[in-house]
Structures are given as C-alpha cells and as structure tokens.
Number of protein chains: 2
Amino acid sequence: MARAGDMRQSRPFSDRYCMLVPMPKVSERSLKMPASPIRRLMPFAEEAVRRGTVIYHLNIGQPDVESPREFWDAVQNTGLRYLEYTHSAGRTDLREKVAARYRDMGIEVEASQVMVCTAGSEALAFAMMACLNPGDEVILPEPFYANYLSFAMSAGVEIMPLETRIEDGFALPAVSEFRAKLTPRTKAILINNPGNPTGTIYDPAQLDGLRQLALERNLFLISDEVYREFNYTSSPVLSILQLEGLDEHAVMVDSVSKRFSLCGARIGFLVSRNKAVNENALKYAQARLAPPLLEQLGVLGALDAPKSYFDQVREEYRTRRDLLVSRLRAMSGVVCPLIDGAFYAMVELPIDDSDRFCRWLLESFDHRGETVMLSPATGFYSRPELGLRQVRIAYVLEKDKLNRAMDCLEAALQTYPGRVNVTAAAKS
Amino acid sequence: MARAGDMRQSRPFSDRYCMLVPMPKVSERSLKMPASPIRRLMPFAEEAVRRGTVIYHLNIGQPDVESPREFWDAVQNTGLRYLEYTHSAGRTDLREKVAARYRDMGIEVEASQVMVCTAGSEALAFAMMACLNPGDEVILPEPFYANYLSFAMSAGVEIMPLETRIEDGFALPAVSEFRAKLTPRTKAILINNPGNPTGTIYDPAQLDGLRQLALERNLFLISDEVYREFNYTSSPVLSILQLEGLDEHAVMVDSVSKRFSLCGARIGFLVSRNKAVNENALKYAQARLAPPLLEQLGVLGALDAPKSYFDQVREEYRTRRDLLVSRLRAMSGVVCPLIDGAFYAMVELPIDDSDRFCRWLLESFDHRGETVMLSPATGFYSRPELGLRQVRIAYVLEKDKLNRAMDCLEAALQTYPGRVNVTAAAKS
C-alpha cells in the first residue's frame, strides 16, 4: 500500500477531486511527466514583476543578439498570397542549402539526409521514436538538458544517466563507465556537444571512445549539436557525422534557435546517413504534416548571413562568459568550472537547496529593486539531490545587465538565510 | 511462424539488409507506422511532372484562397530584432483573442482554457497524451482523417473504428452502436465535425447522444472542429464545448490552417475546461518549448479579418462543392453523397482498386496533357478493403481548374482498364 507521503506526491489536487465528482481522469503517463524545471518558477517571477521588481533572466537559453538581416528580408518578401503545407521533410531548397552548409564545415551529407523539423525539440522526439522502442534504454551523461527526460518519458524510453562531476569540470566519463551501464535493452547513447547545461565540449579522443562502443555494441549514437558555433576553444567542435564508420549509427540533432537568435522560429534539423532512420522518422513527420513555412523561408535567408555575423556573435558570448566566470569566481563559496562552449554555466553555490534559493530570489529578495532568475540544477539530474547546491546560469544578457545580475547574486548570497559555508566541491 | 507474404509486408529492404551488415535497427514501432496515404503517391506525381503532365491536386486539403490581409500586415510589421520563445501555451494576447472569438460564437471559454499548439496536429497529439494511457481505447467513426491513426500509434492508443456507410451519406451511427464498442479500456470518443474525409456535419440530436454516453461512461469526448466555418447548411455547427454538463469531458482541437488558408503557418489550439487536461497537456507543450512566434503574430492579425472575409471564402467553397457534386453525379457509375461541410467528398467510383486507379492516373493516363491526383480511400479506413472503390476528393481548386480536373476524371473512368460496372452502393 502506498504511504501517505507517496500519495501526496503522486496525486495532484485535480486527481483527488475525481473521487468526489465523476469526471474522466487524465492519463497516468501525463501525471508522471515532470513540469519544466526551467519554467516552473514563472508564477513567482510574474508576482515579482507585479511588485515592480526588475528581473534579470538568466534562467533560459534565450539569446538576445539581433537575428541576421537576411532572415528579416526573407520573411518580409515572400511574395506569397497564402501559406501552403511544405513537404513533410521541409522545403527542398532549404534542405539543399543546409546540406551545403554542413559540407562547408566538413560534414559530408546530402539534402535527402537532412529533415527539417519544428525545432531541435521535434528532431530529438523523432530520433527517439524512430530509433527506440518503449522500454529501450539510452545512456546519457548527467547533468543533461531537462527536456531529454520529457521526450524519453513521452516515448516510453528509459534514461540511464551517467554522472559527471563539477569537480572534474563535468568531463565525459571514461568509456568503461558507459560500458558498465550497458544492458541487453541498451539501444543508444545520447550526447549534447557542446553541452547544455555544462558548456562542456568533447574532444576527438572522447568521441572516438564512444564511436568504438557504438560500433562494438551496435548502438545508435544520437548527438544534439545545436550549440556547435558557441565554441570558445581553439579547436573545432567535431560532429558525430565526422566520425569514421558511423554512417548507420550516427543521428544528429540541430537547430537554428541559438546560432541565429531564432528560438521562436522553431526550425531544426534531423540529420543521418541511416536510410531506415530517415524513412521511419519521415512517417512521424508526415503525421504532423509540415514544419512552419514562413520560418523556413526566413532561415533560407539567414543561411546567407556572412561568416562575420557569427564571428561577432561568438565574440560577444566569449566576453560575456569571461565576465561571468570572473564575477562568479570572486564570490566566496562559489565554484564555477571552466566553460568551453554553449552559453551556460553549472555553478555550485553555498546554499542549502537550489529550488528554495531560486524561489527566494524571486519571492523575498531584491537588490535596489532588482533580482535575478536562475534555474535550479535539480531539474538537470535524474536524482534531484545531485543538483541541490547547483544552479544553471544562462549568460544571455549583454554585459551591463550581466554585471547587474551578478551584483544581485552576490548580494543575495550574503543575505540568503539558507547559506551554508562549506560545499562538497569547495572542500575538494 | 510468419508466412512469406507477411514477411514481405512487414520487413522493408532496409531491415532485411541489417542481417548482412551489422547496423542498429530502427524501432519496431516506427516500422509499424503507416506512411501517409495522402503523400505516398508523391513519387508518381513528381515523375508525371517531369514528363510534362499538368496535375490538378485534389489529393490534399490545401486551400488556395488568399489569407487575410491582416495576417500579412502583422508578419511584416513585427518590429522585432530577434525571435524569442513564447510561453509554452502560446502568447497571452493570442490566447485572449482566440477565447474572445469563441465567446462571439457562443462557446464560453477563458484564455487560460486555450493552449496555442503547433497546428491542430499537435493539439490532437497533446490531447491523446494527456487523456489516454498506452493500451486505452478510443472509439471513432470511420472513414476518419488518416493521421488519427498515426497519432494513436505514436501514443500507443488503440483505435476502435465504427463503420459509417456511403449509402447512408456517412451518417453518424446510432449511440447503440457506440455502446456496442465499449470495453473496460474505452477512455474516449473522437469525432471530427465537420468531417474529413466525409464532409458530414453532426446535428444537435446526434451530439446529444454522444454527450449522454460520455457522461454515463465517464469518457473524454474529443472533437476536431478545424472545418467549423466550412458549413453549407443553414444551421450552425455545434461545438462540443456548447454541450451541457461536459466541462470535464469535452476536449476540442482547432486550427487556423483551413479557415485562413494558413496550412503552412502551423497554428492550432487545444481547448478544454478540464483543468487537469490543460495542466497535463502543458507539460508536453513545455517539453517542446513553444509554438512558432512569427506565425502567432500573424494569426493575431488574421483574427481581426472582417466577417466578410470568411463569408466570401465559404461562398467560394459552396460554389465549388455544387460544381463538383453536379459533375460527379453526371458520371456513370459514380456515387457522390450529400456534402454538408468541410471541403472533401468521399466518392465511390466504378473501379477495381482505388490505390491502383490513383497511381494509374499519374503513371499511365493523361487527358490533353493533364491529369488529376486523388487520395485512395483505403488510407481512411482501419480495414483498407472498405475503401477499395472510394476516393477522397478535396475541392480546393478554383472552378476552372476543378472543371478541368473533372474532365480528366470523366475521361479516365472511360479508359481505365480496371473499370467495373456495378458497385455496391450503386446497386442499393
């Protein structure tokens, strides 16, 4: 029999209400789905805004840099009278141009191997549905992008997390640790490179280890590479599609959301040389008919943006990263690892509980009428307790605002009633 | 053991190939997914175009009427510099305006009960995930919109079809027939009103029967109402949200694709007064972050289109319907029932096999250099044989083209080698 505590957790009010008034019950699978950890603080943020508090949003990876002029030109000059469905795999001209851009980067693919999706989110969902059966297992390093769990739950797929540690800068575990997670149901490895939330970039030797394991155990290697251009190291980010012998194993997820500040466009790509993956993912694409047309046309334009566009974007984010890291490292009790890429930092704070702290920042704190919104790291781990003292910071604001946000965080850490002085990582 | 015939059907080439070269296999669930019946003739159409044949596309519900001026004004004057994620349930101003439009039609809902989705497709997928567990059963009249099957398969939900017959004008079966399909796993009834592919509109008495059954057996009543404005009768289309006492049972799916010729915009709505449905559907919405922003802004504009916009659209389609019905009924051996709404006709032809006929139209036939593309009805039935002699015709072309398409069909039926002269419905 379930204990009272369990009951409380697993049965929300609306479900208990069912016992009194006859009404159809929502599905158990949806009740088990987690609410987005990135968005669950929204009601407290809305309340803070109502009180007149200014909030610096470092809680969501929402870049604020101008999108390429070519995007706006394209959406304003479509010459269309109405909006048609496109091919379920996207417009042919867009698929061709995307494939050509990949070839420019040394990723050899054809247009037929690129499917336009309604953002990277959908590409990942299609990859899971096409590659994995309900009950199949996918190994992935944690902390991981919280929505991987949502997509896995929707698809009935089991997540087998492999812990990485802040003390090691969230480095990829040795292949032997992946091997220890293998079971007869293991069907895929999922990586995010550069990584959200950690900013880690995997080096060629690490990727080669995964390549060998995928070949040896006949696993899909699914790689989310949406932050490819956000690379602050001197070496290029290697795509899994550049690894030898993985034509049938490699499935890449991509998106224009981050690199062109087009999160709201919802245009991404599923890229694989495995014909059966493409054919079967297409069936899911056909069921939802087509990705949005206006935004496909805009991205067709944006892909003509000169190299200088992205060089400027990267330099802007590099400066923000440098500012963030130096401010954080100057705060007593704060642990901030090296950040190679993307635009996130997973940071350990001298606090008792990151959910409580992030909520307190919005509910009970302000610094000269301002506060900062962060993501509690608990949502990025399969076991929330691993993220109890960590937060994810998205450095997506320009330097002035970022500085003011850090002023808020510094002041908050001095007055937060749940401050603890020695953290696990600080000790080591 | 499987028979050879079964093997051939269930194992595509790419799967058999796996036996020779080690490669990870795609999921069995994706192999079982049907390819879209509406789109599977595309390669033959492309080949016909290469030969120089003009094709009249009556195979897909892709309206060709101009979208409202207000849509284009809105997308061309966003004043935005970059595209942000919106709230996962869509922009608040859009939800408020949509709710106000529903109230204008006599459907009492609040903005918080409207979720903006990436088209009606996603709204339906969210409805299934939020309401139904894997293995749950949903009863729906057949023939049905083919993608219902795809969404049900993705969600692991069982479709329990209830046959409707061309001889009865595809009328909704009596409630007793629904009752006969009930099992302990029945969790929902799904209707499409006005209906694709049949054009049927359900009258208040029929809907009341379903209402009583939903209340009595505590079932969700999910209604796809995307063709609401395409109504050629003198009575309004009743929404399930207007039925008494169904606040907790009624889940409505809507879309702007058809009514504003915005199929490519991918904006739809999930509407329910059941708070648990809304809260749990929101989790799936959060996983995919947000619907497309530019198109949300465009629809915000389109909703200001004057009533005269849609009056013109409806009159245009009414004229097309009248033309189509009179042309079809003048062809020997063709059965075309009354069409009340939407812009489809399910028609019985004097042919041996509709898949063969539709392919033959593209591969081996032309009438003065022109041909017509139709949808074989086999894809709209759970048992393809029920649609063997039927095709779905989408009357989405202007009258001149529609006339020429009918000339093609008439000529084709005279020369098609698989013509049969007496059909079941013609006999009755």
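Definitions and limits used
- Residues numbered from 1 in each chain as written.
- Chains lettered and ligands numbered in written order.
- Predicted model: local features only at pLDDT ≥ 70, side-chain atom pairs only at ≥ 80, totals over all residues.
- Heavy atoms only, no water.
- Helix = DSSP H or I, 4+ residues; strand = E, 2+ residues; numbered from the N terminus.
- Rg over C-alpha atoms; globule rule 2.2 N^0.38 Å.
- Buried < 20%, exposed > 50% of the residue type's maximum accessible area, 1.4 Å probe, protein only.
- Contact = heavy atoms within 4.5 Å.
- Areas by Shrake-Rupley, 256 points an atom, 1.4 Å probe, with all protein chains shown as cover.
- Lys, Arg positive; Asp, Glu negative; His and termini not counted.
- Charge placed at Lys NZ, Arg CZ, Asp CG, Glu CD.
- Phe/Tyr/Trp six-rings, centres within 6.5 Å; stacked < 30°, edge-to-face > 60°.
- Lys NZ or Arg CZ within 6 Å of the ring centre and 35° of its normal.
- Domains from an automatic or database assignment.
- Buried area = accessible area lost by both parts, 1.4 Å probe.
- Salt bridge = Lys/Arg side-chain N within 4 Å of Asp/Glu carboxyl O.
- Polar contact = N/O pair within 3.5 Å; in protein donor to acceptor, adjacent residues only side chain to side chain.
- Nonpolar A, V, L, I, M, F, W, Y, C, P; charged D, E, K, R; others polar.
- Least-squares fit on C-alpha atoms with pLDDT ≥ 70 in both.
- Axes fitted to C-alpha atoms, helices over the stretch in contact; angles between N-to-C directions.
- Parallel < 35°, antiparallel > 145°, perpendicular 65-115°, else oblique.
- Left-handed = near helix turned anticlockwise from the far one by under 90°.
- Core = buried A, V, L, I, M, F, W, Y, C linked by side-chain atoms within 4.5 Å.
- Pairing = 2+ DSSP bridges.
- Right-handed = clockwise from strand over helix to strand, strands pointing away.
- Expected span 1.5 Å × (residues − 1).

A. Fine view of the overall build of chain A. Broken down by element type, chain A carries 16 helices and 12 strands. Computed over the C-alpha atoms, the radius of gyration of chain A is 22 Å, within 12% of the 22 Å expected from 2.2 N^0.38 for a compact globule of 428 residues. If one aligns the C-alpha atoms of chain A with their principal axes, the spans along those axes are about 55 × 55 × 50 Å. Each of the 428 residues in chain A was classed as buried or not, and the buried ones make up 62%. For chain A, restricting intrachain contacts to residue pairs at least 6 apart in sequence, the fraction spanning at least 24 positions comes to 76%. Split by element, the accessible area of chain A, about 16,200 Å² in all, is 51% carbon and sulfur. Between the mean site of the 51 positive side-chain charges and the mean site of the 54 negative ones, chain A shows a separation of 4 Å.

B. Representation of the packing of aromatic side chains within the structure. A full pass over the atoms with the stated rule returns 32 aromatic pairs over all chains. With centroids separated by 6.1 Å and ring planes inclined at 40 degrees, the aromatic side chains of phenylalanine 260 of chain B and tyrosine 309 of chain B adopt a geometry described as tilted. One end of the pair, phenylalanine 260 of chain B, is in the loop between β7 (250–255) and β8 (268–272); the other, tyrosine 309 of chain B, is in helix α13 (residues 307–329), and 49 residues separate them in sequence. The structure contains a cluster of three or more aromatic residues connected by ring pairs, namely Tyr227, Phe230, Phe310, Tyr317, Phe343 and Tyr344 of chain A. Above the face of the tyrosine 317 of chain A ring, arginine 320 of chain A is positioned so that its terminal group lies 4.7 Å from the ring centre.

C. Up close: the domain arrangement of chain A. Residue and element names in this part refer to chain A. Looking at the assigned domains, one finds that chain A contains domain 1 (34–65 + 308–427) and domain 2 (69–302). A separation of 27 Å is found between the C-alpha centroids of domain 1 and domain 2. Every contact between the two is made by 36 residues of domain 1 and, on the other side, 33 residues of domain 2. For the pair domain 1 and domain 2, the two sides together bury roughly 2,800 Å², of which 64% comes from carbon and sulfur. Here domain 1 is connected to domain 2 by one salt bridge. The partner of arginine 383 in a salt bridge is glutamate 163, and the shortest N-O contact between them spans 3.8 Å. On the surface where domain 1 and domain 2 come into contact, there are 12 residue pairs in polar contact (both at pLDDT 80 or more). If you list the elements that add at least two residues to the side of domain 1 that touches domain 2, you get α13 (307–329), β9 (344–348) and β12 (390–394). Element by element, the count of residues in the side of domain 1 that touches domain 2 is highest for α13, at seven residues. Residues belonging to the side of domain 1 that touches domain 2 are distributed by class as follows: 22 nonpolar, six polar and eight charged.

D. Fine view of the relation of the copies chain B and chain A. Mapping chain B onto chain A leaves a residual RMSD of 0.0 Å; the transformation is a rotation of 180 degrees accompanied by 0.0 Å of translation along its axis. The transformation just described matches what one would write down for a two-fold rotation axis. Closest to the rotation axis within chain B is the C-alpha of glutamine 76 of chain B, separated from it by 2.7 Å. In this assembly, 100% of the residues forming the interface of chain B have copies in chain A that are likewise at the interface, indicating an isologous arrangement.

E. Representation of the packing of helix α4 (residues 42–50) of chain A against helix α14 (residues 354–363) of chain A within the structure. Residue and element names in this part refer to chain A. One way to put it is that α4 packs onto α14 with a least axis distance of 8 Å and a crossing angle of 20 degrees. On the basis of their axis angle, the class for α4 and α14 is roughly parallel. Considering only the axes of α4 and α14, their crossing is left-handed. Across the interface between the two elements, Phe44, Ala45 and Ala48 from α4 touch Arg359, Leu362 and Glu363 from α14.

F. Inspection of the interface of chain B and chain A at higher detail. Opposite the 84 residues of chain B that make contact, chain A presents 84 residues. Scanning the region where chain B abuts chain A turns up two salt bridges. Note that arginine 81 of chain A and glutamate 66 of chain B form a salt bridge whose closest N and O atoms lie 3.4 Å from each other. Looking at the side of chain B that touches chain A, the elements with two or more residues in it are α3 (28–32), α5 (69–76), α7 (119–131), α8 (147–155), α11 (275–287) and α12 (293–302) of chain B. A per-element tally of the side of chain B that touches chain A places α11 of chain B first, with eight residues. Here the side of chain B that touches chain A is composed, by residue class, of 43 nonpolar, 25 polar and 16 charged.

G. View of the nonpolar core. Counting 202 residues, the largest nonpolar core has Phe357 of chain A together with Phe357 of chain B as the members making the most contacts within it. When sequence neighbours within four positions are dropped, the list of residues in contact with phenylalanine 357 of chain B reads Leu349, Ile351, Leu374, Leu409, Ala412, Leu413 and Tyr416 of chain B.

H. Fine view of the pairing of strand β6 (residues 220–224) of chain A. All names here are of chain A. In terms of burial, β6 is largely enclosed, as five of its five residues are buried. Here β6 shows a buried face lined by Phe220, Ile222 and Asp224 and a second buried face lined by Leu221 and Ser223. For strand β5 (residues 186–192) and β6, the ladder comprises five bridges, and the chain directions are parallel. The residue bridging alanine 188 from the neighbouring strand is phenylalanine 220, located in β6. Between β5 and its parallel partner β6, the chain crosses via helix α10 (residues 204–217), and the hand of that crossover is right-handed. Inspection of the sheet shows β6 paired to strand β7 (residues 250–255) by four bridges, in the parallel sense.

I. Seen up close, the pattern of salt bridges. Residue and element names in this part refer to chain B. What the rule picks out here adds up to 72 salt bridges over all chains. For arginine 273, the salt bridge goes to aspartate 247, with nearest N and O atoms at 3.1 Å. Of this pair, arginine 273 sits in the loop between β8 and α11 while aspartate 247 sits in the loop between β6 (220–224) and β7, placing them 26 residues apart in sequence. Its relative accessible area of 17% is what places arginine 273 among the buried residues.

J. A look at the pairing of strand β4 (residues 158–163) of chain B. Residue and element names in this part refer to chain B. As judged from the six bridges shared by strand β3 (residues 137–142) and β4, these two strands associate in the parallel manner. Following the sheet pairing, isoleucine 139 is matched in β4 by methionine 160. In terms of handedness, the path from β3 via α8 over to β4 forms a crossover that is right-handed.

K. Representation of the sheet that holds strand β12 (residues 390–394) of chain B. Ordered in space as β9-β12-β11 (chain B), the three strands form an open sheet in which the pairing is antiparallel. Each edge of the open sheet is held by one strand with a lone partner, namely β9 (344–348) and β11 (375–376) of chain B.

L. Examining the sheet that holds β12 of chain A more closely. Residues and elements named next belong to chain A. Strand order in the open sheet formed by three strands is β9-β12-β11, with antiparallel pairing between adjacent strands. With one partner strand each, in any of the chains shown, β9 and β11 (375–376) form the two edges of the open sheet. When β9 meets β12, the two strands line up antiparallel, connected through five bridges. When the sheet's bridge partners are listed, methionine 346 is paired in β12 with arginine 392.

M. Focus on α13 of chain A. Residues and elements named next belong to chain A. Relative to the 33 Å expected for 23 residues at 1.5 Å per residue, α13 spans 33 Å between its end C-alpha atoms, a close match to the ideal helical length. Of all the residues in α13, the buried ones are Tyr309, Phe310, Val313, Tyr317, Arg320, Arg321, Leu323, Leu324, Val325, Arg327 and Leu328. Each element contacted by the buried residues of α13 is listed here: β9, β12 and α15 (399–415).

N. Focus on the packing of helix α7 (residues 119–131) of chain A against helix α11 (residues 275–287) of chain A. Residues and elements named next belong to chain A. Two numbers describe how α7 lies on α11: the axes approach to 9 Å, and their chain directions differ by 120 degrees. When the interaxial angle is binned, α7 and α11 end up oblique. Judged by the sense of rotation from one axis to the other, the crossing of α7 with α11 is right-handed. For the pair α7 and α11, contact is made by Phe126, Met129, Ala130 and Cys131 and by Val277, Asn280, Ala281, Tyr284 and Ala285, respectively. In terms of residue class, the contact of α7 with α11 is built from eight nonpolar, one polar and no charged.

O. Structural detail: the side chain of threonine 198 of chain A. All names here are of chain A. Relative to the helices and strands, threonine 198 resides in the loop between β5 and α10. Only 2.7 Å separates the side chain of threonine 198 from the side chain of threonine 200, close enough to count as a polar contact. Filtering out sequence-adjacent residues up to four positions away, threonine 198 remains in contact with Pro143, Phe170, Tyr344 and Met346.

P. Highlighting the environment of arginine 359 of chain B. Residue and element names in this part refer to chain B. By the secondary structure assignment, arginine 359 is in helix α14 (residues 354–363). On the accessibility criterion, arginine 359 (37% relative accessible area) is partly exposed. On a C-alpha basis, the gap between arginine 359 and alanine 290 in space is 39 Å, while along the polypeptide they are 69 residues apart. In contact with arginine 359, other than residues within four places in its own chain, are Leu41 and Phe44.

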